[in-house]
Amino acid sequence: MTINLTLHFTRILSKSYKVARHDFRAFTMTTDMESDNNWRGVPLTEIWGAQSPWGAPEFPLVAPAFNHTVLYHIPSSGCVPGDRPPKPQNGQDKWDHDFVRMPCSNQSLYPVEDSSGETHLKKRWGLIQSALWKPIRNSQELAEAILSYNTQFKNTWKFRALHKLFNEHLEEEESQYFFDVTLPEIAKLALELPKLIQSPIPLLKQHKNRSISLSQQQISSLLANAFFCTFPRRNSTKKSSEYASFPHINFNTLYESSGSDSILEKLKCLCHYFRRVCTKAPVGAVTFSRRSVPPRRCPPWSQSTASLAAVPLHVAAGGTIEDSDGLVQMDFANKYLGGGVLGYGCVQEEIRFVICPELLVSMLFTEVLRPNEALMIIGCERYSKYSGYGSSFQWSGDHSDATPLDSSSRRRVCVLAVDALPYANAALQYRPPAIIRELNKAWVGFTFYSEDQPTSAQYPGIATGNWGCGAFGGTPQLKTLIQLMACAEARRPMAYYTFNDVGIRDEFVNIYNLLARYNVTVGQLYQLIARFCTTDVRKGNLHAFIQHALKNGQLPPCQTPDTTATVPASGERARPDTSLTPSGQAKPTDSTTRQTEVENMDVSDTLDMNEIELSESIQKELLKQSPDMFSQDESDSQETQLLNYCESVSKSTSTDVNKMASSSNKMATSNSKSLTTDLFEEMNKLDQSNGKLNLHTNILDDSVKSINDSMDTSERSEQSKSDPSSEMKRKMAKKITDYFSKKAI
């Protein structure tokens, strides 16, 4: 059966580094549903906006600015040499709550007991140097070296996965090569940190739009320090700790895992990365950009007139997001970036982070993402091939990344980290506040580096898939439409990969064709979904509901924005109010407010945790896949209003999860030597008096505090570090193809 569909999309008229402008014209898309092609819709050239992946416009070049910190030197010509690593930018160390506390800082102190039993504060970097300069011949000596400057944890860190990798999993020859050749080079790379990074690294905090650019060589040194667990104040599991709202960065959480096959395979990916960068220093650069959009500036979804038929759509059953050259590649992120990559997680985000380890450094300085924030990473290199997914994940050998460099010596790879809400009860995703949250979240990411109010297509397009599905509990029926609506509003083409699920591919194409045939707008589709939310969603079918409504003439009328709205402040868009009634229809309110009761809500990621009941089996699976998925925030007044809107369900299992986290926290902070413990307490008092050590500094500065007075702040609890039981693994010796080979790569 062949379906002819007329789409409106755009043709290139002018060139720009930012976007390519197009005029709308009619385009006939032929979809042969009986062919053997694994894709449907338009060809990828329409998603690239060019005839090749690299013909699309580049993203903005790297340039130092008040909100863009560049940690390497850029010549006056603006072009960084592509044949050698760039030189570090000079600067002065900063030891406060706005910057990364570096292990090589003179203000990084640690208590050490001398031969007479007295304890003194010494510079921690000196301890690290002494430990890493010594020969390390096996995993036990490696563990002892790490514990020599992390003495608090000598009775709690057991390094189970690390010992299992080198003593049981790898062949003796492979392990010996690592300790004789690779590990000394990793230690050397870690100790070069003061030479390679001479400027302070700012933290990418909430509510701020800021970018950081580092050279790949600088990133390799930072990750080498994470390998040796040298970053201070990043090991605490207390929710009151300074970095409680940041992901873990030291690798101890990975070493402490049970040593299941997938965890060992992740370790092999990381060891392979270090072998590569120690053999030949990479010469490129990577940019990390955080985008935060106030809820009041997000689109009024019920009133959007953007046409869904104007989105060029490519849907493929085969292929992967990371292989979508030239497109903005979605990372199905955890709000704590990286998710369970340094733990038990091994799904989409975790796999991407271990095959492209330069992504891991974002966990060093990126605070937990708010519902209206996203992170974009430009320039990461891929080092490993892999097979499998989840428990079947395996490292499959070296990958040579042939992606070309842009004018700033960054690989033309763009990864977009966007976190979805997790659900153990699929029905909860159909709450209007949850839908608004996901629409805003996707739109914030999709509008990175695009025009403020685009009237033409923005290239390159988005490469995405079953975002928020799988372990997160969402359903493709809804998530495909949410992403389509966000793309339409952002004017971005979409390439959708269903991960070999032909059924999802065909269902998405069918509903898209139906929406295009009836010229449905984003606002009309939003109203249809809101109407579906008032039904028994557990028994209903969203696509069938939409089809019935369209074929029976029940398409909601386009809502006209209120032109009497008060003119917003500079840089803001006028937004008439479209508060949702229980029936899903818009109701007018005071014209001076101009904000939607639900659409402007800063939706908490804890929506589902306070509303749903988790079964024991679901708890175990979710904790296994991504340990930080259900970490809780304390709701503020806005979030409380939102939670009251949703139907109340049992909280009993959520309480159990909290008990698990509390038990783990107690274990991680116990067993310290009494004298050393007393000294740590004295260090805390010293922080309070002079602010130099600052162990319990409020991580929000005055400007952010003022924002939080009107928005929301919350304490964030660390995820349980419990060790879920893994299935019985095959006890077979595995030969690692070309792993630790003495041949040059």
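Rules used in this analysis
Residues numbered from 1 in each chain as written. Predicted model: local features only at pLDDT ≥ 70, side-chain atom pairs only at ≥ 80, totals over all residues. Heavy atoms only, no water. pLDDT = per-residue confidence, 0-100. Contact = heavy atoms within 4.5 Å. Helix = DSSP H or I, 4+ residues; strand = E, 2+ residues; numbered from the N terminus. Polar contact = N/O pair within 3.5 Å; in protein donor to acceptor, adjacent residues only side chain to side chain. Expected span 1.5 Å × (residues − 1). Buried < 20%, exposed > 50% of the residue type's maximum accessible area, 1.4 Å probe, protein only. Pairing = 2+ DSSP bridges. Phe/Tyr/Trp six-rings, centres within 6.5 Å; stacked < 30°, edge-to-face > 60°. Lys NZ or Arg CZ within 6 Å of the ring centre and 35° of its normal. Core = buried A, V, L, I, M, F, W, Y, C linked by side-chain atoms within 4.5 Å. 1 Å grid on protein atoms, 1.4 Å probe; cavity = no way out; pocket = protein on both sides within 12 Å on 5 of 7 lines; lining within 4 Å. Points joined across faces, edges and corners; volume = space filled by probe spheres on them. Nonpolar A, V, L, I, M, F, W, Y, C, P; charged D, E, K, R; others polar. Salt bridge = Lys/Arg side-chain N within 4 Å of Asp/Glu carboxyl O. Axes fitted to C-alpha atoms, helices over the stretch in contact; angles between N-to-C directions.

Enquirer: Honestly, the confidence of the model for the protein chain in this entry has me stumped. Any pointers?
Expert: Close inspection of predicted coordinates is inappropriate for parts of the model with low pLDDT. Confidence in the prediction of the protein chain, expressed as mean pLDDT, is 79, and 70% of residues score 70 or more. Segment residues 1-36: pLDDT under 50, and 101 contacts once partners within four positions in sequence are set aside and those in other chains are kept. This model gives residues 608-675 a pLDDT under 50, and the stretch forms 149 contacts once residues within four places in sequence are excluded.

Enquirer: Please clarify how the environment of asparagine 541 should be interpreted in this entry.
Expert: Mapped onto the elements of the fold, asparagine 541 is located in the loop between helix H15 (522-533) and helix H16 (542-551). On a C-alpha basis, the gap between asparagine 541 and glutamine 477 in space is 8.5 Å, while along the polypeptide they are 64 residues apart. The contact partners of asparagine 541, leaving out residues within four places of it in the chain, are Gln477 and Phe532. In terms of polar contacts, asparagine 541 uses its side chain to reach the side chain of glutamine 477, at 3.2 Å. A polar atom in the side chain of asparagine 541 sits 3.1 Å from the backbone nitrogen of histidine 543.

Enquirer: How should I be thinking about helix H12 (residues 432-446) in this particular structure?
Expert: Three or four residues apart is the spacing at which side chains of an α-helix point the same way, because the helix has 3.6 residues per turn. The terminal C-alpha atoms of H12, which comprises 15 residues, lie 21 Å apart, in line with the 21 Å expected from a rise of 1.5 Å per residue. Most of H12 sits out of view: 15 of its 15 residues are buried.

Enquirer: Before we go on, may I ask you to explain the pairing of strand S13 (residues 394-398) in this structure?
Expert: Looking along a regular strand, one sees side chains alternate from face to face of the sheet. Across four bridges, the pairing between strand S12 (residues 384-387) and S13 is antiparallel. Looking at the pairing, tyrosine 386 lines up with tryptophan 395 of S13.

Enquirer: What is the right way to look at the packing of aromatic side chains in this model?
Expert: Pairs of aromatic rings are described using the distance from one ring centre to the other and the angle between the two planes. Scanning all chains against the criterion turns up 21 aromatic pairs. With 5.5 Å between their ring centres and 70° between their planes, tyrosine 243 and phenylalanine 246 make a pair best called edge-to-face. A residue is classified by how much of its surface remains accessible, and tyrosine 243, at 5% relative accessible area, is buried. Taken together, a centroid distance of 5.0 Å and an interplanar angle of 85° make the contact between tyrosine 273 and tyrosine 383 edge-to-face. Taken together, the residues span a long stretch of sequence, with tyrosine 273 in helix H9 (residues 261-279) and tyrosine 383 in the loop between strand S11 (373-378) and S12 at a distance of 110 residues. Pair check on accessibility: tyrosine 273 and tyrosine 383 agree, each one buried. An aromatic cluster is present here, built from Phe153, Trp157, Phe159, Phe227, Phe228, Phe251, Tyr255, Tyr273, Phe274 and Tyr383 joined pairwise through their rings. The residue whose ring lies beneath lysine 479 is tryptophan 467, and the NZ or CZ to ring-centre distance is 5.8 Å.

Enquirer: Looking at this structure, how should I read the nonpolar core?
Expert: Soluble globular proteins tend to pack their nonpolar side chains together in the buried interior. Ile201, Leu214, Leu222, Phe227, Phe228 and Phe365 are the most contacted members of the largest nonpolar core, which has 94 residues in total. The element contributing the most residues to this core is H9, with nine residues. Excluding anything up to four places from it in sequence, isoleucine 201 contacts Leu71, Phe99, Val100, Met102, Ile212, Leu214, Leu222 and Phe365. One finds Val42, Val444, Phe446 and Tyr526 within the second-largest nonpolar core, a separate group that totals 72 residues.

Enquirer: Would you mind showing me how to read empty space enclosed by the protein here?
Expert: Sizing a probe to match a water molecule and rolling it over the atoms shows the empty space that remains. Applying the stated criterion across every chain yields a total of eight cavities of 30 Å³ or more. In this structure, the largest cavity occupies an estimated 140 Å³ of space. Every residue lining the largest cavity is counted, 15 residues in all, and those nearest its centre are Pro57, Phe59, Gly326, Arg412 and Val413. Of the residues belonging to the lining of the largest cavity, the class tally is 10 nonpolar, one polar and four charged.

Enquirer: Before we go on, may I ask you to explain the side chain of lysine 441 in this structure?
Expert: Within the secondary structure layout, lysine 441 lies in helix H12. Classification of lysine 441 as buried rests on a relative accessible area of 0%. There is a polar contact of 2.6 Å between the side chain of lysine 441 and the backbone oxygen of glutamate 373. Residues in contact with lysine 441, not counting those within four places in the same chain, are Leu369, Arg370, Pro371, Asn372, Glu373, Val418, Asp419 and Trp467.

Enquirer: Whenever I open this one, unusual backbone geometry confuses me. Can you help?
Expert: With glycine set apart, most residues show a phi of negative sign, and most peptide bonds adopt trans. The linkage connecting tyrosine 459 with the following residue, proline 460, adopts the cis geometry, with an omega of 0°. Position of proline 460 relative to the elements: it lies in the loop between H12 and strand S15 (462-464). One non-glycine residue with positive phi stands out, namely phenylalanine 159, at about 55°. You can call phenylalanine 159 buried: its relative accessible area is 2%. Despite not being glycine, asparagine 500 has its phi angle at roughly 70°, a positive value. When you line up the elements, asparagine 500 lands in the loop between strand S16 (494-497) and helix H14 (502-517). Note on asparagine 500: relative accessible area 65%, which makes it exposed.

Enquirer: Is there a simple way to explain the pairing of strand S6 (residues 119-123) in this structure?
Expert: The pairing of strand S5 (residues 109-113) with S6 spans five bridges and is antiparallel. In the strand pairing of S6, valine 112 is matched with histidine 120. Counted along the chain from S5 to the antiparallel partner S6, the turn is five residues long, and its residue glycine 117 has a positive phi close to 95°.

Enquirer: Is there a simple way to think about the pattern of salt bridges in this case?
Expert: Close approach of charged atoms lets side chains of opposite charge pair. This model, assessed by the stated rule, comprises 19 salt bridges. Put simply, aspartate 83 and arginine 84 hold a salt bridge, and the shortest N to O gap is 3.1 Å. A salt bridge links glutamate 438 to lysine 479; its shortest N-O distance comes to 3.4 Å. Of this pair, glutamate 438 sits in helix H12 while lysine 479 sits in helix H13 (residues 476-490); the two residues are 41 residues apart in sequence, bridging distant segments of the chain. Each of the two residues, glutamate 438 as well as lysine 479, counts as buried. Residues joined by salt bridges that share partners form a network here, namely Asp419, Arg437, Glu438, Lys441 and Lys479.

Enquirer: Can you walk me through the side chain of glutamate 381 in this structure?
Expert: Assignment of secondary structure puts glutamate 381 in the loop between S11 and S12. Among the polar contacts listed, one links the side chain of glutamate 381 to the side chain of glutamine 216, at a separation of 3.0 Å. Side-chain polar atoms of glutamate 381 contact the side chain of arginine 276, separated by 3.4 Å. The residues touching glutamate 381, leaving out its near neighbours within four places in the chain, are Gln216, Arg276, Ile355, Cys356, Glu358, Asp401 and Arg411.

Enquirer: Looking at this model, I keep getting lost on the sheet that holds S11. Mind explaining?
Expert: Whether parallel or antiparallel, the strands of a sheet pair through hydrogen bonds between backbone atoms. Strand order in this open sheet of 10 strands is S3-S9-S16-S15-S10-S14-S11-S8-S7-S4, and the pairing throughout is mixed. One side of each edge strand has no neighbouring strand; the edge strands of this open sheet are strand S3 (39-41) and strand S4 (68-70). Recorded for the sheet is a direction-independent mean angle of 20° between the axes of neighbouring strands. Where strand S7 (residues 210-215) meets strand S8 (residues 285-292), six bridges bridge the pair, whose relative direction is antiparallel. Along S8, the bridge assignment pairs arginine 210 with arginine 290. Each of strand S10 (328-333) and strand S14 (414-419) is contacted by helix H10 (residues 348-355), which is oriented at about 120° to S10, the strand it contacts most. Its contacts with the sheet place H12 against S8, S10, S11, S14 and S15, and it is angled at close to 160° to S14.

Enquirer: So what exactly am I meant to see when it comes to helix H3 (residues 139-147) here?
Expert: Across the nine residues that make up H3, a large majority, seven, are buried. Burial in H3 covers these residues: Ser139, Glu141, Leu142, Ala143, Ala145, Ile146 and Leu147. Of the surrounding secondary structure, the elements contacted by the buried residues of H3 are helix H2 (124-133), helix H4 (160-169), helix H5 (172-191), helix H7 (216-227) and helix H8 (252-255). Two or three places before glutamine 140, at the start of H3, stands the capping residue asparagine 138, its side-chain oxygen 3.1 Å from that residue's backbone nitrogen.

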